[in-house]
Amino acid sequence: MLIDQKSQLACGKVLCLPSISLVLIWSGVAFADANPGTQRVLDRLADTSQAIVVEGREGVQAELRAFEKIGSTWTEKFRVPAVIGKKGFAPEDEKTEGDLRTPTGIYTIGTAFGYGPIMKTSVPYRQATAEDKFIDDVASDQYNTWVHGNTNAKSFEEMKRTDGLYEFGLVVNYNMNPIIKGKGSAIFIHVWRSSTDGTAGCVALERTNVVRLLEWLKPQARAVFDPDSLKK
């Protein structure tokens, strides 16, 4: 049902506007500019009240949309610009290590992380130090795990980077249960280098938007990457 009204639902608040705008109320979902793929995925999420949906736009450009379910209705709380892998989204089940693509799918979330000892978030938080690494060596028994201290792995992500990209971040539980070697590792939501620089496969946001996301999140949230391409 399409409703004309003199207000627009955006970022979880009603903003009074001088002109008439449209809000779509669709199958228990209330938000502006409803995306069919996003709508379809939200209908499937019965075991959570929060969803982080990343929709591709053009090239590496994307948009992260935060949804919350109250009763049976999903409401969009906020949306922010994002960037994805340098080579876009990998089709569902097709991501491989080092392909520079962001995996399509629905995932649980893991640990929030950052450089400080504490952070305001409801998600379990881990401080990233110079001793912390996330293993991406496909030959290692520690592949796709966070390791503190020494490792025999030949390659890994330094979790305390000098460029600040991991000052705030969130582990996405991609390829975690079970871990399949070569299917991709270290998929995070983290601070972007810029609004035009793609990632090695993660989703990245402007620094203050990562903080905003982590402060809003609850542990049971789901991350949905490229909803339009998800298999039905």
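This is a predicted model, so every value here is computed, not measured.

**Examining the pairing of strand E6 (residues 73-83)**
Where strand E5 (residues 61-70) meets E6, ten bridges bridge the pair, whose relative direction is antiparallel. The residue of E6 that forms the bridge with Gln61 is Val83. Count of turn residues in the E5/E6 antiparallel hairpin: two residues, of which Gly71 carries a positive phi of about 70 degrees.

**Here we look at the sheet that holds strand E12 (residues 146-148)**
With antiparallel pairing, the three strands of this open sheet are ordered in space as E12-E11-E13. Only two strands of the sheet have a single partner each, and these edge strands are E12 and strand E13 (156-158). If you compare each strand with its neighbour and ignore which way they point, the axes differ by 35 degrees on average. In terms of strand pairing, strand E11 (residues 132-135) meets E12 through three bridges, oriented antiparallel. Across the sheet, Phe134 pairs through a bridge with Trp146, a residue of E12.

**What about the confidence of the model for the protein?**
When pLDDT is averaged along the protein, the result is 88; 85% of the residues meet or exceed 70. Predicted confidence is poor over residues 1-27, with pLDDT under 50, and the contacts of this stretch with residues over four places away or in other chains come to 54 contacts.

**A few points about helix H1 (residues 36-44)**
Buried residues of H1: Gly37, Thr38, Gln39, Val41 and Leu42, and no others. You can read the cap of H1 off the contacts: a side-chain oxygen lies 2.8 Å from the backbone nitrogen of Gly37, and it is on Asn35.

**Notes on the packing of aromatic side chains**
Evaluation of the coordinates by the stated rule reveals nine aromatic pairs. Ring plane angle 80 degrees and centroid distance 5.8 Å describe the contact between Phe113 and Tyr166, whose orientation is recorded as edge-to-face. Residue Phe113 is found in strand E9 (residues 105-114), and its partner Tyr166 is found in the loop between E13 and strand E14 (168-172); the two are separated by 53 residues along the sequence. Considered together, Phe113 and Tyr166 belong to a single accessibility category, that of buried residues. Relative to Trp146, the ring of Phe134 has its centre 6.4 Å away and its plane inclined at 65 degrees; by these criteria the two rings are edge-to-face. Placement of the pair is Phe134 in strand E11 and Trp146 in strand E12, with a sequence separation of twelve residues. As far as burial versus exposure is concerned, Phe134 and Trp146 are alike and both buried. Members of the aromatic cluster, connected to one another through ring pairs, are Phe113, Phe134, Trp146, Tyr166 and Phe188. The residue whose ring lies beneath Arg161 is Tyr166, and the NZ or CZ to ring-centre distance is 5.1 Å.

**Some points on the environment of Val211**
Position of Val211 relative to the elements: it lies in helix H2 (residues 207-216). Residues Val211 and Thr121, 90 residues apart in the sequence, show an inter-C-alpha distance of 8.9 Å. Not counting the four nearest positions on each side in its chain, Val211 is found in contact with Met119 and Phe168.

Analysis parameters
- Residues numbered from 1 in each chain as written.
- Predicted model: local features only at pLDDT ≥ 70, side-chain atom pairs only at ≥ 80, totals over all residues.
- Heavy atoms only, no water.
- Pairing = 2+ DSSP bridges.
- Helix = DSSP H or I, 4+ residues; strand = E, 2+ residues; numbered from the N terminus.
- Axes fitted to C-alpha atoms, helices over the stretch in contact; angles between N-to-C directions.
- pLDDT = per-residue confidence, 0-100.
- Contact = heavy atoms within 4.5 Å.
- Buried < 20%, exposed > 50% of the residue type's maximum accessible area, 1.4 Å probe, protein only.
- Polar contact = N/O pair within 3.5 Å; in protein donor to acceptor, adjacent residues only side chain to side chain.
- Phe/Tyr/Trp six-rings, centres within 6.5 Å; stacked < 30°, edge-to-face > 60°.
- Lys NZ or Arg CZ within 6 Å of the ring centre and 35° of its normal.

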